[in-house]
Amino acid sequence: MNSPNLAVWTRELTRRFGPFTAVDRVNLAVKKGEIFGFLGPNGAGKTTLIRMLCGLLLPSEGEARVNGLDVYRQSEAIKQQIGYMSQRFSLYEDLTVEENIEFYGGIYGLSREKITAKRETLLQQLDLQRYRRLLTRNLPLGFKQRLALGCAMLHEPPILFLDEPTSGVDPRARRSFWEYIQELARQGKTVFVTTHFMDEAEYCNRVAIMNLGRVIALDSPLKLKESYRKSTMQGVFVEILHRTTPDLFASQEDRS
Amino acid sequence: MQCIFYMIRKEFLQVFRDPHMIALLFVVPLVQLFLLAYTITTDVKHLTLGVVDYDRSVSSREVGRLFTNSDRFELVGYAESPRQVGDLMRAWQTQMALLIPAGFHRDLQRGLRPQLQIVVDGVDGNTAGVALGYAQQILTEYAQDIALQLQRLGTPPATHQLRLLERMWFNLDLDSKQFMVPGIVVVLLTIIPMMFASMGLVRERELGTLEQLMVTPLKRHQLLLGKIIPALILAYVEMILVMLVAVLSFGIKMNGSYLLLAFFSLLYLFTTIGLGIFISTWTQSQQQAMFFSWFVMVFMILMGGFFIPIENMPVLLRKLTYLNPMRYFMYILRDIFLKGSGLRYLWRDALILGLFGFSILGLGVAKFQKRVG
């Protein structure tokens, strides 16, 4: 079960904040090279789960391993293996594009030559050469998102955690972003991604649907659509939420 | 080590790109220096004086002249009666009145001891006390002159006078700037490093970049050193700037060793930077951090002997000041500046200051975790 081929493995992983259970007994096994999508409404516990896996938050109960490393005892070693991008694209807005790349390269402990080389490749790859001396705050959001991802991958981690990477980005930029994610998966990277855009679920190899801290469905998009007899992931999602939290929908229908 | 270099470089890039930050770091301290050095002064100058002269003699005019000779008193006018002086005082036009009775000159010449009356506006007790002191000094000197003159003329003096020779040590002219400027340096080394550390960390928490840093392999001590070292560098630059201005344009005398000054400052900076880090671990937003820093600063400054002498405080508060690291640094810095004291006199304070520095910084570092929530 805990084979070395797994990028992420959890057993009964739980996190409570006081009386509130944000993540409730979650079991996962994500294979290497997989694009694993996490769907769920706001407050479902997606961010809390990702934070536990990245070593930002200690679990209350259960076990979790990232690339075979234990989240309790080896959280610092895990950080060498992962790239993390939060929904806020955590770049320094008062630094230029170049300076951000150099800074994160330095933080990841790359050598000076490596940083220069990486910087040039990245600028070319992201088509950011003409913006290299622009303050990041003035960068269009789509570029910001790609730059944030680029910076999170400077140390070439095998696993990527992306927490709602496409929030606020226009559809065209979202599409090209997902093409890039697929390219990364082809190169052998594991991508663990949360989203609340249902169409994005189609890009994933497997999808876990989360609500109220629990994983309530987990399969490939195709199989999910088959078993719930829906043509889109949107339909699957609504159907699942409807079954698990009927009250939520009842109250919304009343209002509308 | 290389990571720390990149952290420091980033901090300075950010500081020098932000005009507000530049103003805050380099203009505000100088304005503060000028304002505080000139406004918080215990020197009393240009006191307004009204004279009621019933004698209208050579001697009475001489006394009036003696008062206005220095820049301490300024004659606003002669009044006809004590009532008129009272009106002037109520109208804030005069702070002190001198009443010379009729027969003053005659009594003096006869070797008698004529009486003079001085009325002081007591609303501001400090100023009133100092003014009275000045007046007594002037009159004592005058009486001595008269006595000498009479002696020469062969008239025996009324009494044998005991003469007090006063000499102020360390600050010969009782120039309050010499006392205030070291205090301003202390306040600067409190505010700037504490604000820089607390606001710097909390700002990154607000923007989400702190979370990003926490997911990198950057170690906790590297992350914190990346904040501590720039704060130290900035604090020293500030100190050099302020002292240069103080020495060159205020004529502040620095009697002690600069090396010792740098050493004690380092001990104190551990405390203030540590407080900043500690505050940042407690707060989620810059407003909160600002509020906490402000509270800590006001407590430290009021209880640190900057402009409220600790000796004047009630016993309980005086004991409380022993918990205030600024208290020690304030004494030390004034000692070094004014007395030129060496480590031989200051080692006890060095020990206490070091203890504060290491425990507060240690507490802040221990409290800072590479985790959220």
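None of the values given here were measured: they were computed from a predicted structure.

**Describing the packing of helix α8 (residues 221-228) of chain A against helix α9 (residues 233-244) of chain A**
All names here are of chain A.
Phase 1: Contact geometry for α8 and α9: axes closest at 9 Å, N-to-C directions at 60°. Taken together, the axes of α8 and α9 lie oblique to each other. When the axes of α8 and α9 are compared, the crossing they make is left-handed. Where α8 approaches α9, its residues P221, L224, K225 and Y228 are matched on the opposing element by M233, V236, E239, I240 and R243.
Phase 2: Among the residues making up the contact of α8 with α9, the classes are represented as six nonpolar, no polar and three charged.

**Here we look at the sheet that holds strand β8 (residues 190-195) of chain A**
Residue and element names in this part refer to chain A.
Phase 1: Strand order in the open sheet formed by six strands is β6-β7-β8-β3-β9-β10, with mixed pairing between adjacent strands. A strand with exactly one partner marks an edge of an open sheet, and here the two such strands are β6 (82-85) and β10 (214-219). For this sheet the average axis-to-axis angle between neighbouring strands, irrespective of direction, equals 15°.
Phase 2: Where strand β3 (residues 35-39) and β8 come together, five bridges link them in parallel fashion. Bridging across to β8, F38 finds its partner in T194.
Phase 3: The sheet strands contacting helix α5 (residues 141-152) are β6 and β7 (159-163), and the helix crosses β6 at an angle near 155°.
Phase 4: Contacting β9 (206-211) and β10, α8 crosses the sheet at an angle of about 100° to β10.

**Observations regarding the domain arrangement of chain B**
Phase 1: Looking at chain B, the domain boundaries give domain 1 (2-41 + 175-367) and domain 2 (47-152).
Phase 2: Taking only C-alpha atoms, the centre of domain 1 of chain B and the centre of domain 2 of chain B are 48 Å apart.

**Notes on the interface of chain B and chain A**
Phase 1: Tallying the contact residues gives 29 residues for chain B and 36 residues for chain A.
Phase 2: Both faces combined, the contact of chain B with chain A buries some 2,900 Å², and carbon together with sulfur accounts for 54% of it.
Phase 3: Of the charged contacts, one joins E211 of chain B and R51 of chain A as a salt bridge, the two residues approaching to 2.6 Å between their closest N and O atoms.
Phase 4: Our count for the chain B to chain A interface comes out at 13 residue pairs in polar contact (both at pLDDT 80 or more).
Phase 5: Only α1 (2-17), α7 (176-207) and α8 (209-214) of chain B provide two or more residues apiece to the side of chain B that touches chain A.
Phase 6: Counting residues per element, the side of chain B that touches chain A draws most heavily on α1 of chain B, which supplies 10 residues.
Phase 7: Its residues placed into classes, the side of chain B that touches chain A shows 12 nonpolar, seven polar and 10 charged.

**Describing unusual backbone geometry**
Residue and element names in this part refer to chain A.
Phase 1: Phi is positive for R25, close to 45°, though the residue is something other than glycine.
Phase 2: In this structure, R25 sits in strand β2 (residues 20-31).
Phase 3: A positive phi is found at N67, a non-glycine position, where the angle reads about 55°.
Phase 4: Examined against the element boundaries, N67 turns out to sit in the loop between β4 (61-66) and β5 (69-70).

**Digging into the packing of helix α3 (residues 58-69) of chain B against helix α6 (residues 125-153) of chain B**
Residue and element names in this part refer to chain B.
Phase 1: Between α3 and α6, whose axes approach to 10 Å, the crossing angle comes to 135°. With respect to each other, α3 and α6 are oriented oblique. Where α3 crosses over α6, the two elements pack in a sense that is right-handed. On the side of α3, the interface is formed by S59, E62, V63, L66 and F67, while α6 contributes A135, I138, L139 and Y142.
Phase 2: A breakdown of the residues in the contact of α3 with α6 according to their chemical character gives seven nonpolar, one polar and one charged.

**Topic: the packing of aromatic side chains**
By convention here, two paired aromatic rings are described through the distance between centres and the angle between planes.
Phase 1: Evaluated as defined, the whole model comprises 20 aromatic pairs over all chains.
Phase 2: Centroid distance F36 of chain A to F192 of chain A: 5.6 Å. Interplanar angle 25°. Geometry classified as stacked. Separated by 156 residues along the polypeptide, F36 of chain A in strand β3 and F192 of chain A in strand β8 bring together distant segments of the chain. Each of the two residues, F36 of chain A as well as F192 of chain A, counts as buried.
Phase 3: Here the aromatic rings of F291 of chain B and F292 of chain B are separated by 6.3 Å at their centres, their planes lie at 85°, and the arrangement is edge-to-face.
Phase 4: Note on F291 of chain B: relative accessible area 61%, which makes it exposed.
Phase 5: Sitting above the plane of the Y322 of chain B ring, R327 of chain B keeps its charged end 4.2 Å from the centroid.

**Observations concerning the sheet that holds strand β3 (residues 96-100) of chain B**
Residue and element names in this part refer to chain B.
Phase 1: The four strands lie next to each other as β2-β1-β3-β4, forming an open sheet whose pairing is mixed. Looking at the sheet topology across the chains shown, the edges are occupied by β2 (73-79) and β4 (117-120). Here the strands of the sheet are splayed against their neighbours by 25° on average, with no regard to which way each runs.
Phase 2: Across the sheet, α3 lies against β1 (47-53), β2 and β3, angled at about 160° from β3, the strand it touches most.
Phase 3: Sheet strands in contact with helix α4 (residues 82-90) are β1, β2, β3 and β4, and its direction is about 170° off that of β3.

The rules we used
- Residues numbered from 1 in each chain as written.
- Chains lettered and ligands numbered in written order.
- Predicted model: local features only at pLDDT ≥ 70, side-chain atom pairs only at ≥ 80, totals over all residues.
- Heavy atoms only, no water.
- Axes fitted to C-alpha atoms, helices over the stretch in contact; angles between N-to-C directions.
- Helix = DSSP H or I, 4+ residues; strand = E, 2+ residues; numbered from the N terminus.
- Parallel < 35°, antiparallel > 145°, perpendicular 65-115°, else oblique.
- Left-handed = near helix turned anticlockwise from the far one by under 90°.
- Contact = heavy atoms within 4.5 Å.
- Nonpolar A, V, L, I, M, F, W, Y, C, P; charged D, E, K, R; others polar.
- Pairing = 2+ DSSP bridges.
- Domains from an automatic or database assignment.
- Buried area = accessible area lost by both parts, 1.4 Å probe.
- Salt bridge = Lys/Arg side-chain N within 4 Å of Asp/Glu carboxyl O.
- Polar contact = N/O pair within 3.5 Å; in protein donor to acceptor, adjacent residues only side chain to side chain.
- Phe/Tyr/Trp six-rings, centres within 6.5 Å; stacked < 30°, edge-to-face > 60°.
- Buried < 20%, exposed > 50% of the residue type's maximum accessible area, 1.4 Å probe, protein only.
- Lys NZ or Arg CZ within 6 Å of the ring centre and 35° of its normal.

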